[in-house]
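Notes for the structure review
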Amino acid sequence: MSGILAGKRILVTGVLTEASIAFQAAKVAQNEGAEVILTGYGRLSLVERIAKRLPKEAPVIELDVTNQEHLDGLADKIREHQGEDARLDGIVHSIAFGPQGAFNFLEASWEDVSTAVQVSAYSYKSLTTACLPLMRHGGAIVGLTFDAQMAWPKYDWMGVAKAALESTNRYLARDLGSQGIRCNLVSAGPIKSMAAKSIPGFEELADVWNHRAPIGWDLADPEPAGRGVVGMLSDFFPRTTGEIVHVDGGVHMMGA
C-alpha cells in the first residue's frame, strides 16, 4: 500500500460517531496505508457499527482508561488481533470527559474536577505506557486538545484539564524521546460531535469561530483535524515532539 502511513499500525481511541475527529483520523490513516485498531468504551456495539463505515472494517477493543485491568491487558488484546509480530507505530488519544459539575468553575467539586483530569489528561500517560511494550521500534503518540492558553466561555474545569493534557504531552515527549517516540497534540477548533453535546453552552463557545477564524471554520467538518492527526503520526515530522499543532482556522493567533 502507498501513502504516508504505509505499513504502519495505529491504535485509535475515542471513535463514537462519524462526526468525531477520531473517526476521521482513522479513515484518513487507512486511506494513507495504515492498519487500524479502534478502542471503545460503554457503547461498544455502536463503535463496532461505526467501525464498519471505515474504508476497511477495523477491529474494536473495549477500553476504559480509568480501569487498570483494561490498561494492563491492552497489549495482549492487540496481540490477539495482530499475532506474534504485534506492534504499534502510533496511538491516537481522543479521550476527554467532564461531569456536568466541571462546567461550573466556582462551584465544581473536587470529585468532578478529578474525574475530568483523570480521563482527559492522566489517561494520555496511562494509555501510552500501556502500549509501550508494542512500541519497541519507536513511533508517534498524537492527542487532541482544545487550546488551553485561553479561558473559554463555559469550558471551565475542562479547560484546566486540557492544560494538564498539554503539560503531560511535554513530559511524555521528554521521557520517551530516547525510545524514538514522538508525542504531539493537535489543537482543534470546535466540532459538533457527540462530545460537544455534553458541554453546556457549546453554541456560545463555538460562536467565537464564526467571527474570528481568518481562514474559516466548519463546525460540521472534522476532517481537517483528522488530517492534522495523521500528519503528526507520519514520518514527515521525524524530529518534532512536545509540540501543539493548531488546526483551528487560525483563531489561536488572532488578537483582541
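Residues numbered from 1 in each chain as written. Predicted model: local features only at pLDDT ≥ 70, side-chain atom pairs only at ≥ 80, totals over all residues. Heavy atoms only, no water.

1. A word on the pattern of salt bridges
Applied cut-off: Here, a salt bridge means any Lys or Arg side-chain nitrogen found within 4 Å of an Asp or Glu carboxyl oxygen. Each helix corresponds to a stretch of at least 4 residues labelled H or I by DSSP, and each strand to a stretch of at least 2 residues labelled E; elements are numbered beginning at the N terminus. For the exposure calls, accessible area comes from a 1.4 Å probe over protein chains only, and a residue counts as buried if that area is under 20% of its type's maximum, exposed if over 50%, partly exposed in between.
Under the criterion given, the structure shown has 10 salt bridges. Between Glu 223 and Arg 227 there is a salt bridge; the shortest N-O distance is 3.0 Å. On the criterion of helical spacing, the pair formed by Glu 223 and Arg 227 is a turn pair, its members being four residues apart in helix H7 (residues 223-233). Among the residues examined, Glu 223 registers a relative accessible area of 28% and is labelled partly exposed. Here the salt bridges do not stand alone but share partners, grouping Lys 8, Arg 182 and Asp 235 into one network.

2. Thoughts on the packing of aromatic side chains
Let me state the cut-off plainly: Between rings of Phe, Tyr and Trp, where Trp is taken as its six-membered ring, a pair exists when centres lie within 6.5 Å; planes separated by under 30 degrees are stacked, by over 60 edge-to-face, and by other angles tilted.
Under the criterion given, the structure shown has five aromatic pairs. Between Phe 146 and Trp 209, the ring centres sit 5.6 Å apart and the planes meet at 35°, which makes this aromatic pair tilted. With Phe 146 in the loop between strand S5 (139-145) and helix H5 (157-176) and Trp 209 in helix H6 (residues 202-212), this residue pair connects regions lying 63 residues apart in the sequence. Grouped by ring-pair contacts, the aromatic residues Phe 146, Trp 152, Tyr 155 and Trp 209 constitute a single cluster.

3. Some details on the packing of helix H4 (residues 110-131) against H5
Heads up, the rule is: Orientation is described by axes fitted as lines to C-alpha atoms, over the contacting stretch for helices, and by angles from 0 to 180 degrees between their N-to-C directions. For this classification, under 35 degrees means roughly parallel, over 145 means roughly antiparallel, 65 to 115 means roughly perpendicular, and everything else is oblique. Two helices that cross are described as forming a left-handed crossing if the nearer one is turned anticlockwise from the farther one by less than a right angle, and a right-handed crossing if clockwise. Contacts: residue pairs with any heavy atoms within 4.5 Å of one another. Three classes are used, and their members are as follows: Ala, Val, Leu, Ile, Met, Phe, Trp, Tyr, Cys and Pro are nonpolar, Asp, Glu, Lys and Arg are charged, and the others, Gly among them, are polar.
Between H4 and H5, the shortest axis-to-axis distance is 9 Å and the interhelical angle comes to 20°. Between H4 and H5, the crossing angle belongs to the class labelled roughly parallel. Relative to H5, H4 is oriented so that their crossing is right-handed. Contacts from Val 113, Ala 116, Val 117, Ser 120, Ala 121, Tyr 124, Lys 125 and Thr 128 of H4 reach H5 at Trp 157, Met 158, Ala 161, Ala 164, Leu 165, Thr 168, Asn 169, Leu 172 and Leu 176. Split by residue class, the contact of H4 with H5 holds 12 nonpolar, four polar and one charged.

4. Observations concerning helix H2 (residues 44-51)
An α-helical turn contains 3.6 residues, so a residue and the one three or four places further along point in the same direction. Selection rule: To be clear, the arc concerns the directions from the helix axis to the C-beta atoms.
Listed as buried for H2 are Leu 46, Val 47, Ile 50 and Ala 51. Seen end-on, H2 carries its buried residues on one side only, within an arc spanning 140°. Against helix H1 (21-31), strand S2 (35-40) and strand S3 (60-62) lie the buried residues of H2.

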